[in-house]
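Take a look at the letters that make up each chain.
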Amino acid sequence: MMKVLVINCGSSSLKYQVLEMEAETLLCKGLVERIGLEGSVLKHEKVGMDRYTMKAPMKDHKEAIAHVLETLVHETYGVATGMDEIGAVGHRVVHAGEKYASSVRITDDVIQALQDCVSLAPLHNPPNLLGIAACQELMPGTPMVGVFDTAFHQTMLPEYYIYAIPYEYYTQYGVRRYGFHGTSHRYVSERAAVMLGKDVSEVKVITCHLGNGASITAIDGGRVIDTSMGFTPLEGLVMGTRCGDIDPAIIDFICQKEGLTIAEVNNILNKKSGVLGISGVSSDFRDIEEAATHGNERAELALKIYANKVKFYIGAYMAELNGADAIVFTAGLGENGILMRKMICNGLENLGVSLCPKRNEARGQEKDLSTDESPVRILLIPTNEELMIAKDTYEIITN
Ligand code: ADP
């Protein structure tokens, strides 16, 4: 019976889960916040028990992970009697560039390759690497696997990932579309095939991951044809605070008008744009919907613009796939946004996409939301990146 620890390190936080792999059941999950800051805290939930909160100074990721490991063997809240029960660790890593098209066992070469990708993901890869280093120190001998956000999208062909800028920027600097949320898109596309009663190799699906970050992917037979995030997670759909696709000439224009640097405008496009920028209300769709129902016109506009962009990509991907078997909604908004799903699917009937208003009244459970007649099925599938990471880890370690 193998237990797998899944680790997802951010710059000042980390999330973890432990899963038992024979039955693929979750044993516990937790979160450490404010790593390296005043007031570090660990919040741990063992399945079926109350939350356990522990406050202690944690000056870096190694101290944070040391506390996580202690908690995992805690006599009341723990899920193992000793660390030897944790058979492997799966690490979520954002960027693996063009190096890895699937998950791999972590070796020195892998770490070097991920370090080489730091300039492509300067905010994400460094904390991911810190998490790996800390686990290697604290759990010597425990095998580790890297699961990459970019990996699933590596099946894209150059005609989909090359930008129309001088080709040398690709060959010299690796400027191309990479795509993100790959683990989520892969998980829900596999679940979609199960729900359709077919093999992954037989289905064409469009997966909409609508969370704080959002991306949409066209998948044919388990291979990614196209995805909306690009060189960075800024491209594509409108997001909570990110602008998605815009005319790149806007950047210089705003720099001049506002006397800002490119880096400052870049920050605005990442953190102050999207539905927050349009509405001026919030990046959270619950707040925006609330404001819109109370007559806030910009909130209503933000919802319309968001829905239109998703619809735009669904249309594009229907064309690229030459038709689809299913559209999948996942992540916070995709799983819970009844109104947003309705707005997105409204007016797609002539493309064979017909949402059943009654079935659409659902949240957070696997469910077919389309009418009986709809040629394209509309599927609600809660994502589970941690399970995907644990499964990859288990498979790689046991084979
Ligand atoms: P992250 O990308 O941080 O993992 P999530 O997948 O948790 O994000 O998605 C967060 C988003 O989901 C938020 O913008 C929030 O507005 C939206 N969301 C969550 N619950 C609901 C709900 N009940 N109705 C509408 N939107 C929701």
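Up top is the structure.
We now turn to the structure provided with this report.

Scoring rules and cut-offs
Residues numbered from 1 in each chain as written. Predicted model: local features only at pLDDT ≥ 70, side-chain atom pairs only at ≥ 80, totals over all residues. Heavy atoms only, no water. Axes fitted to C-alpha atoms, helices over the stretch in contact; angles between N-to-C directions. Helix = DSSP H or I, 4+ residues; strand = E, 2+ residues; numbered from the N terminus. Parallel < 35°, antiparallel > 145°, perpendicular 65-115°, else oblique. Left-handed = near helix turned anticlockwise from the far one by under 90°. Contact = heavy atoms within 4.5 Å. Nonpolar A, V, L, I, M, F, W, Y, C, P; charged D, E, K, R; others polar. Near = heavy atom within 4 Å. Polar contact = N/O pair within 3.5 Å; in protein donor to acceptor, adjacent residues only side chain to side chain. Areas by Shrake-Rupley, 256 points an atom, 1.4 Å probe, with all protein chains shown as cover.

### Points about the packing of helix α2 (residues 108-116) against helix α3 (residues 125-138)
Turning to step 1, where the next piece is worked out: Where α2 meets α3, the closest approach of the two axes is 10 Å, and the angle between their N-to-C directions is 160°. On the basis of the axis angle, α2 is roughly antiparallel to α3. As α2 packs across α3, the resulting crossing turns out to be left-handed. Note on element contacts: α3 touches α2 through N125, L129, I132 and Q136, opposite I111, L114 and Q115.
Turning to step 2, where the next piece is worked out: Residue classes in the contact of α2 with α3 are distributed as four nonpolar, three polar and no charged.

### Comments concerning the site of the ligand
Turning to step 1, where the next piece is worked out: Near the ligand, the surroundings consist of G211, N212, G213, S283, D284, F285, R286, A331, G332, L333, N336 and R363.
Turning to step 2, where the next piece is worked out: In this structure, an oxygen atom belonging to the ligand sits 2.7 Å away from a main-chain N or O atom of F285.
Turning to step 3, where the next piece is worked out: Residue G332 places a main-chain N or O atom 2.8 Å away from an oxygen atom belonging to the ligand.
Turning to step 4, where the next piece is worked out: Within the complex, 71% of the 580 Å² of free accessible area of the ligand lies under protein.
Turning to step 5, where the next piece is worked out: Taken together, the elements giving at least two residues each to the shell around the ligand come down to α10 (285-293) and α12 (331-336).
Turning to step 6, where the next piece is worked out: Of all the elements, α12 adds the most residues to the shell around the ligand, at four residues.

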